[in-house]
Structures are given as structure tokens and as C-alpha cells.
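Listed below, chain by chain, are the residues.
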Amino acid sequence: MADGGEPGTLRPGGRTARVREAVLRAAEDALTEQGFTGLDLADIARRAGVGKTTVYRRWATVTGLVADLLLDMAEQSAPRTETGSLLGDLTANARLVQRTLTDPRQGALFKALIAAATCDPKTAAALRRFYDIRVREWAPCVRQAVDRGEVPEGTDPHEVVRAVSAPLYYHLLISGGRLDGATADRAAEAAATAARAGVYVRA
């Protein structure tokens, strides 16, 4: 366990990396198949082909394992795209989110994690950390747009990036509407238009 930290929240290195990879992939499988409430560290150890004591010693709890899984997902996600325009950058972000959410495995995994976050505070905190990492990755595209004069000074980069993905998650979780490339493009254009109009200028 990390010194004073949540179990599983630090990346191991060297000879433990393969074990971590196997366990995290097994946790993904279990989450997509049976949801958060069905997670069991002993079952995940069996799926990963590692000893139970190894899993319990490193992650200690299901919540610790889920936190590490979310950290890994954030770090493995595709890096920010730079196109030279705010709309281009936000469209790239929207298309990345859309592809992730419509992927059979990743979409099911996100649904399971979001459902878990509604009833487990530690999973909710881990999910917030995941999105904070991804929003910070893309926030510079808004700062660059400010520098180019595309959007007003004082525009909140994080709010603009969140505005891109929010309607896509709405389609995934609530409306059941078509979540395709055109939907992603509309979300990006709406966020860019609002940003240019000063909607996201900090009060």
C-alpha cells in the first residue's frame, strides 16, 4: 500500500507491472459482466491468474482496485489533439469521447463505473479524479484559443471542455439517443459557439 494513500492509487513498476496489468484487465472484465456489486477480489485474482494474497496486499479493497483502474484508464487515454482552432480541438475531443462511449467494452465499463459511483462515495471520488485528469489534459486548447483571440479573456477552460462531453454522456445514460460522429460534432460546435459568446467567462 502507498504511504498514507488509498490502496492501489500509485503505479507500481518493474516486476509488478505485469501483475497490475493482468489484475486491472480482469477487473474490467468483471465490471462489464456483473457490475460493481458483483466485484470480488478473490474472483478477480482467479481471472488474472495471480494469488489472492497478492491482490489483497496491493489493493486491499474493491474500492482501492477501482480507483487504480480509473487512474490507469485516464493515463492510457489518447493524448490531446492540436488542430490550430478551438472548434477543431473540441471536435477532436468530442470524437474521442464518442468513440470511447460507443466501444462495446469501454461503453459498458463506463456505465458500470458511473452506476457504482452513485452508491459508493470512494468510487465517486475516484471517478471525479479520472475526469479531472482528462479535463486538465484538454484545457490548454481553450487557453490557446484565448491567446489567438478566438474566445474572450477569462474563459474557463475546464468548463468549456466539460460542456463538450456532457451531452454525450446524456445520450449514453439518459436519452438513449444516437451517439454518432454527428452528435459529437454538434456538441463541440455548441461548446465552441458558447465559448466565443463569452458564456464561460469567469464571473
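Each value, and the rule that gives it
- Residues numbered from 1 in each chain as written.
- Predicted model: local features only at pLDDT ≥ 70, side-chain atom pairs only at ≥ 80, totals over all residues.
- Heavy atoms only, no water.
- Helix = DSSP H or I, 4+ residues; strand = E, 2+ residues; numbered from the N terminus.
- Buried < 20%, exposed > 50% of the residue type's maximum accessible area, 1.4 Å probe, protein only.
- Contact = heavy atoms within 4.5 Å.
- UniProt positions renumbered as here; feature names shortened; annotations may be inferred.
- Polar contact = N/O pair within 3.5 Å; in protein donor to acceptor, adjacent residues only side chain to side chain.
- Domains from an automatic or database assignment.
- Buried area = accessible area lost by both parts, 1.4 Å probe.
- Salt bridge = Lys/Arg side-chain N within 4 Å of Asp/Glu carboxyl O.
- Nonpolar A, V, L, I, M, F, W, Y, C, P; charged D, E, K, R; others polar.

Let's shift gears to the environment of Ala 139. With respect to the secondary-structure elements, Ala 139 resides in helix α7 (residues 121–148). Judged by its relative accessible area of 0%, Ala 139 falls in the buried class. Residues contacting Ala 139, with those up to four places away along its chain left out, are Pro 157, His 158 and Val 161.

This next bit is on the UniProt feature "DNA-binding region" (unreviewed entry) in the protein. Look at the UniProt record and you will see "DNA-binding region" (unreviewed entry) annotated at residues 40–59. Helix and strand shares over residues 40–59 are 80% and 0% respectively, and the end C-alpha atoms of the span are 12 Å apart.

Within the secondary structure, Thr 183 sits in helix α9 (residues 181–196). Engagement of the side chain of Thr 183 in a polar contact is seen with the side chain of Asp 180, the distance being 2.8 Å. Once residues lying within four places of it in the same chain are set aside, the contact partners of Thr 183 are Leu 168, His 171 and Arg 178.

Moving on: the domain arrangement of the protein. When its domains are assigned, the protein resolves into domain 1 (15–67) and domain 2 (74–197). Domain 1 and domain 2 are separated by 28 Å when their C-alpha centres are compared. With nine residues of domain 1 in contact, the opposing surface of domain 2 contributes 12 residues. Contact between domain 1 and domain 2 buries roughly 930 Å² in total, counting both sides, with carbon and sulfur atoms accounting for 68%. Across the contact surface, domain 1 and domain 2 share two salt bridges. The shortest N-O distance in the salt bridge between Asp 29 and Arg 105 comes to 2.6 Å. Summed over the shared surface of domain 1 and domain 2, the result is three residue pairs in polar contact (both at pLDDT 80 or more). Every element with two or more residues in the side of domain 1 that touches domain 2 is listed here: α1 (17–34) and α4 (62–76). When residues in the side of domain 1 that touches domain 2 are grouped by element, the largest group, five residues, is from α1. Taken together, the residues of the side of domain 1 that touches domain 2 break down into four nonpolar, two polar and three charged.

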